[in-house]
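A closer look at the structure
For reference, the chains in residue letters:
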Amino acid sequence: MFRTNVSPNDPAEEHPTIGLIGMGAMGAMYAKHLSNAGWKKISVCDIPAKFESLKLQYADVPGITVHQDGHAVSRISDFIMYSVEAEYIDRVVSQYGPSTKVGAIVSGQTSVKAPEKDAFEKYLPPDVHIVSLHSLHGPTVSPEGQPLVLIQHRAPDSSLHLVENIFRCFGSRFVYLTYEDHDLVTANVQAVTHAAFLTMGTAWASQRAYPWEQGQYVGGIETVKVNIMLRIYANKWHVYAGLAILNPFARIQIDQYASSATALFKLMLAGDEQGLRTRVYDAREQVFGTVKTERAPIFLTEDVLDQFTIGGHPKLNGSPTTSSAPPSNSHLALLAMVDCWAHLKIQPFDHLDLAATPIFRMWIGVAEYLFRSPNRLDSAVRSAVYDVTHRSDDLEFVIAARGWSQCVSFGSLELYKRRFLETASFFESRFEEASAIGSEMIKAISQS
Ligand SMILES: NC(=O)C1=CN([C@@H]2O[C@H](COP(=O)(O)OP(=O)(O)OC[C@H]3O[C@@H](n4cnc5c(N)ncnc54)[C@H](OP(=O)(O)O)[C@@H]3O)[C@@H](O)[C@H]2O)C=CC1
Ligand SMILES: O=C(O)C(=O)Cc1ccc(O)cc1
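Residues numbered from 1 in each chain as written. Chains lettered and ligands numbered in written order. Predicted model: local features only at pLDDT ≥ 70, side-chain atom pairs only at ≥ 80, totals over all residues. Heavy atoms only, no water.

Quick notes on the overall build of the protein
The line we're drawing: Each helix is a run of H or I in the DSSP string that is no shorter than four residues. Each strand is a run of E no shorter than two, and both are numbered from the N terminus. Radius of gyration: C-alpha atoms only; globule rule: 2.2 Å multiplied by the number of residues to the exponent 0.38. Think of it in three bands: with a 1.4 Å probe and only protein chains considered, a residue is buried below 20% of the maximum accessible area for its type, exposed above 50%, and partly exposed in between. Contacts between residues were defined by any pair of non-hydrogen atoms, one from each residue, lying within 4.5 Å. His is not counted, nor are the chain ends; Lys and Arg add positive charge and Asp and Glu add negative charge. Think of each charge as sitting on NZ of Lys, CZ of Arg, CG of Asp or CD of Glu.
A tally of regular secondary structure across the protein gives 20 helices and eight strands. The C-alpha atoms of the protein give 23 Å as radius of gyration, which agrees with the globular expectation for 448 residues (22 Å, within 12%). Per-residue burial for the protein yields a buried fraction of 57% across its 448 residues. Counted over contacts in the protein with a minimum sequence separation of 6, partners at least 24 positions apart contribute 77%. Taking the 39 positively charged and 47 negatively charged side chains of the protein as two groups, their mean positions are separated by 1 Å.

Printed below as a string of structure tokens:
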């Protein structure tokens with residue numbers, strides 16, 4: 001029998017059997033890192049239709065055995081992780097949960113935990129333990145140094161310790177939360193951040209223009225906006241739909257984001273510079289007022305970010321529109337973000353050390369870059385009120401923000417999927433380039 005402080009590197013030790021149900025992007029990422037670390041008994045499955053192709057794919061991968069379905073995995077595994085779509089978790093756990101080995105530990109990778117918790121409580125036998133997980137990064141980001149949430153829900157400390165030992169090889173930072181706190185924190189960190197980028201993408205796609213080809217969204221902050229937007233639309237729609245629609249806290253946050261964008265846009269239309277400035281500076285005070293000035297800013301310099309511009313380095317390309325500082329912009333997406341945090345009383349910097357995803361870290365970094373400098377902020381406010389060249393983009397932005405918020409409030413995964421895929425299809429030809437560049441940018445920011 002294995003010990004709970006078992007390590008994969010001790011040849012004399014009996015290893016626990018690690019079961020992975022769902023071998024999509026995250027399941028495959030977990031399998032790769034567990035195998036590389038030397039775990040010898042990793043049992044995996046996806047839907048039965050993928051059994052043969054998975055067997056071929058993993059034929060030569062050390063430690064991994066592919067099984068026909070979740071019954072086969074559940075019966076023999078000491079630790080089991082469900083890594084399936086949040087909308088299917090109830091059905092999949094109802095199917096395989098009753099086959100769980102006596103005394104095993106069950107876990108899930110879903111980005112929203114309310115449905116997972118319900119499913120585990122409903123269908124898992126009372127003699128198994130629940131310690132859930134959530135890696136707060138996408139499958140192409142190295143887990144090293146990233147937060148890995150651990151939820152000790154129905155389990156003794158010894159089960160938590162076994163899970164910690166299994167995943168110590170990821171080099172992630174363990175973050176201990178309850179199921180409920182997890183959903184609140186991820187609504188604050190992820191759902192509302194995604195709403196901003198989904199909105200940017202829909203607004204640009206509605207204009208039928210690739211923003212980086214228009215000269216207005218190139219360099220510095222704009223590079224981050226474009227790269228992250230593309231990264232999100234290149235990922236699976238169900239990941240974002242699940243964490244927005246099935247998380248009971250997310251709806252409120254996303255609705256506030258749309259309301260903030262609308263209210264700021266109305267001040268712009270009214271030409272109310274003073275009203276806009278007061279609102280923006282009030283939000284600045286609430287969100288950044290208490291941040292210690294000695295804390296090093298997250299944001300990289302404009303020059304460093306310029307290297308990650310889609311379509312090539314703007315200065316090396318000698319593009320006339322980008323040879324100096326990026327053109328001024330109302331930065332409605334960012335003004336709305338900080339206004340939204342202020343209205344919801346979210347202190348984004350408190351989440352940085354706890355449970356920040358790479359995308360959130362970058363988003364808060366650019367918000368800080370804009371809001372810490374009165375010069376930049378004043379320039380955005382003046383641009384918003386007097387420079388009408390942004391108006392059509394800002395109008396599309398407000399419409400898109402309202403559309404996403406309404407879609408989430410209707411609670412329809414199907415509607416969300418249609419909106420997401422329609423925008424994604426406009427940008428699809430650029431995903432490959434964006435994903436390589438985006439990964440480099442995340443690496444640079446993580447290391448800075
Ligand atoms: N991608 C990301 O950035 C992150 C995702 N997550 C979460 O991890 C989970 C998985 O996401 P991800 O890997 O990206 O999604 P994928 O769609 O890539 O993977 C999910 C896999 O589960 C399979 N599946 C569905 N039903 C069953 C079943 N009955 N038995 C076995 N396998 C089944 C799916 O098959 P099929 O395609 O046929 O349905 C698919 O291969 C989600 O809950 C997501 O929210 C967490 C962190 C990051
Ligand atoms: O970093 C982000 O916000 C991403 O978009 C990647 C992601 C998606 C879903 C998760 O549950 C965790 C990370």
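Description of the layout of surface pockets
We apply this condition: A pocket, in this scheme, is an open set of points on a 1 Å grid over the protein atoms alone with protein on both sides within 12 Å along at least 5 of 7 lines, while a cavity is a set where a 1.4 Å probe fits but cannot get out; residues line either one if an atom lies within 4 Å of a point. Grid points are joined across faces, edges and corners, and a volume is the space filled by probe spheres set on the points. Here the nonpolar group is Ala, Val, Leu, Ile, Met, Phe, Trp, Tyr, Cys and Pro; Asp, Glu, Lys and Arg are the charged ones; every other residue, Gly included, is treated as polar.
Space inside the largest pocket adds up to approximately 1200 Å³. Together, 50 residues line the largest pocket, and Ala 25, Met 26, Lys 236, His 238 and Val 239 are the ones closest to its centre. Elements supplying a minimum of two residues to the lining of the largest pocket: helix H1 (25-37), helix H4 (89-96), strand S6 (129-135), helix H7 (179-206), helix H8 (220-234), helix H9 (237-245), helix H16 (358-372) and helix H20 (431-447). Per element, the largest residue contribution to the lining of the largest pocket is five residues, and it comes from H9. Its residues assigned to classes, the lining of the largest pocket comprises 24 nonpolar, 20 polar and six charged.

Remarks on the site of ligand 2
Using the following cut-off: A single heavy atom is enough: if one lies within 4 Å of a molecule or strand, its residue is considered near that molecule or strand. Identification of polar contacts relies on pairs of N or O atoms within 3.5 Å, with a donor-acceptor requirement for protein atoms, meaning one able to donate a hydrogen and the other able to accept it, and with residues adjacent in sequence counted only if both atoms are side-chain atoms. If over half the atoms of a molecule are within 2 Å of the grid points of a cavity or pocket, the molecule is regarded as sitting in it.
Every residue close to ligand 2 is listed here: Ser 111, His 134, Ser 135, His 137, Gly 138, Gln 190, His 194, Val 239, Tyr 240, Thr 357 and Ile 359. With respect to ligand 2, the side chain of Gln 190 contributes an N or O atom lying 3.4 Å from an oxygen atom. In the environment of ligand 2, an oxygen atom lies 2.7 Å from a nitrogen or oxygen atom belonging to the side chain of His 194. In this structure the site holding ligand 2 corresponds to the largest pocket.

Observations concerning the side chain of Thr 202
If you trace the backbone, Thr 202 turns up in helix H7. Exposure remark for Thr 202: the relative accessible area of 12% places this residue in the buried category.

Here's the deal with the pattern of salt bridges
Applicable threshold: Note on definitions: salt bridges are taken to be side-chain nitrogens of Lys or Arg within 4 Å of carboxyl oxygens of Asp or Glu.
All chains considered together, the criterion is met by 13 salt bridges. Between Lys 117 and Glu 180 there is a salt bridge whose closest N-O contact spans 3.3 Å. On the criterion of sequence distance, the pair formed by Lys 117 in helix H5 (residues 114-123) and Glu 180 in helix H7 is long-range, its members being 63 residues apart. Assessed through its relative accessible area of 44%, Glu 180 is described here as partly exposed. Bridged by salt links that share partners, the residues Lys 117, Glu 121 and Glu 180 form one connected network.

Brief notes about the site of ligand 1
Around ligand 1, a shell composed of 28 residues is seen, among which Asp 46, Val 84, Glu 85, Ser 111 and Lys 236 lie nearest. Glu 85 places a side-chain nitrogen or oxygen 2.8 Å from an oxygen atom of ligand 1. Gln 109 places a polar main-chain atom, nitrogen or oxygen, 3.5 Å from an oxygen atom of ligand 1. A molecule is said to occupy a pocket when more than half its atoms come within 2 Å of that pocket's grid points, and by this definition ligand 1 occupies the largest pocket. Those elements that place two or more of their residues in the shell around ligand 1 are H1, H4, S6 and H9. The element that contributes the greatest number of residues to the shell around ligand 1 is H4, accounting for three residues.

As for the confidence of the model for the protein
Basically, it comes down to this: Per-residue confidence from the predictor is reported as pLDDT, a score between 0 and 100.
Across the protein, pLDDT averages 91, with 91% of residues at or above 70. A low-confidence stretch, residues 316-323 (pLDDT under 50), is modelled with nine contacts involving residues beyond four sequence positions or located in other chains. Among the scores for the predicted complex, ipTM is 0.99 and pTM is 0.93.

Concerning empty space enclosed by the protein
Counted according to the given criterion, the structure contains four cavities of 30 Å³ or more. As for the second largest cavity, its lining consists of Ala 191, His 194, Ala 195, Leu 198, Tyr 240, Leu 243, Ala 244, Ile 254, Trp 404, Val 408 and Tyr 416. Of all the secondary-structure elements, those providing two or more residues to the lining of the second largest cavity are H7, H9 and helix H18 (391-410). Top element by residues in the lining of the second largest cavity is H7. It accounts for four residues. For the lining of the second largest cavity, the per-class residue count stands at 10 nonpolar, one polar and no charged.

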